[in-house]
Amino acid sequence: MSTADPTGIRLQLLANGFTPLPNVAKGCYLAGWPRLAVNRHMIRKWRRLLRYSDTGIRLDNGLAVIDIDIDDVAAVGAILKQLAALLPGALRLVRHGNGAKVAIFVRTDEEFGRICSYSWTKPGETEDEGAYRVEIFGGGSARQFGAFGSCGPGKSYRWAGRSPLDSRLDQLPFVTKKQFFSAVDIAEKVLRELGWGQMLRSKRGENVSRPVRDLTPDMVFNCNDGVTRTLSELTELARSGGLPGGLECSASWLEGPSAKRTDRCLIGATADGSLTVWETSSDVTHMSKPVEIDVVEAAKKIRRAKELFNVRA
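A. Spotlight on helix H3 (residues 73–86). Given a rise of 1.5 Å per residue, 14 residues ought to cover 20 Å, and the 20 Å separating the end C-alpha atoms of H3 matches this to within 8%. Packing partners of the buried residues in H3 comprise strand S3 (63–69), strand S5 (102–108) and helix H4 (177–193). At the N-terminal end of H3, a side-chain oxygen is found 3.3 Å from the backbone nitrogen of Ala74, two or three residues along, and the residue is Asp72.

Structure (structure tokens):
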């Protein structure tokens, strides 16, 4: 089926038990997409959303994805070879994206949010040049994966052999949570043997990503639109809902002027308008540091205010 027919692709995915979503490249920006009850009528209505010409698949109904986010042919090949031995028959649906990166679609018998490896750098490279990891998503949180159409400028997703268009969800092999953790161990063993460097600030395990409140007013952020913004400027944009779409910045606010890549950190906002800066290399979400109150000085001000009030009274 041609990717020029997104409606046909989505209808076939639905028929095969998957939940299709209209995407722009790898992202779904449709309001409320994690909770949509997708049906044939809704898919046909999406024809009018012309810019949503790509298609994603939501992780639900037991669908899980092993995302090998490593752009190195030798490393990915070695990992896939060992995964094929660990999980016989599980490498049935393998989606190729940018570079050597691949995602394996399977089923899980125990829903979970995310299991991840440490982040790693290639021999001789720095975090600013790229960091890579394996992440496994088990449907326990809002997540969808681009499946058909664009995965970036001039690039398209492709499938090795079979795809969700000719495979039913209920026929995919089950992978246990224990096996998912073993898959992470395999990937890290391969990278270690290839001489890759483990990032000390990264974490591994299940649902380990937690916000770190360390952004301070003196920080400035060199953004990918050529504008340098202060923390207060970004905070106000987040609060007002005015953050430009796709806004990113370098990690110079964290590492100093040696960090040049302005696609290193993703700038966003929480549902209540709080600013977030996700540093992709270490997979850490940074937020504004809470205002520290000098308790002693505050007590002095309260005491002086009480004394002044008593004098006036």
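B. Quick peek at the sheet that holds strand S2 (residues 54–58). Across the sheet, three strands lie side by side as S1-S2-S9; this open sheet has antiparallel pairing. Looking along the sheet, the strands with just one partner apiece sit at the ends: strand S1 (19–23) and strand S9 (144–148). Direction aside, the axes of adjacent strands within the sheet are offset by 40° on average. As paired elements, S2 and S9 share four bridges and run antiparallel to each other.

C. Seen up close, the environment of Pro123. Take Pro123: it is sitting in the loop between strand S7 (120–121) and strand S8 (133–138). Look at Pro123 and you get partly exposed, because its relative accessible area is 48%. For the pair Pro123 and Tyr29, spaced 94 residues apart in the sequence, the C-alpha separation amounts to 37 Å. Those residues in contact with Pro123 that lie beyond four places of it in its chain are Leu194, Gly195 and Trp196.

The rules we used
- Residues numbered from 1 in each chain as written.
- Predicted model: local features only at pLDDT ≥ 70, side-chain atom pairs only at ≥ 80, totals over all residues.
- Heavy atoms only, no water.
- Helix = DSSP H or I, 4+ residues; strand = E, 2+ residues; numbered from the N terminus.
- Expected span 1.5 Å × (residues − 1).
- Contact = heavy atoms within 4.5 Å.
- Polar contact = N/O pair within 3.5 Å; in protein donor to acceptor, adjacent residues only side chain to side chain.
- Pairing = 2+ DSSP bridges.
- Axes fitted to C-alpha atoms, helices over the stretch in contact; angles between N-to-C directions.
- Buried < 20%, exposed > 50% of the residue type's maximum accessible area, 1.4 Å probe, protein only.

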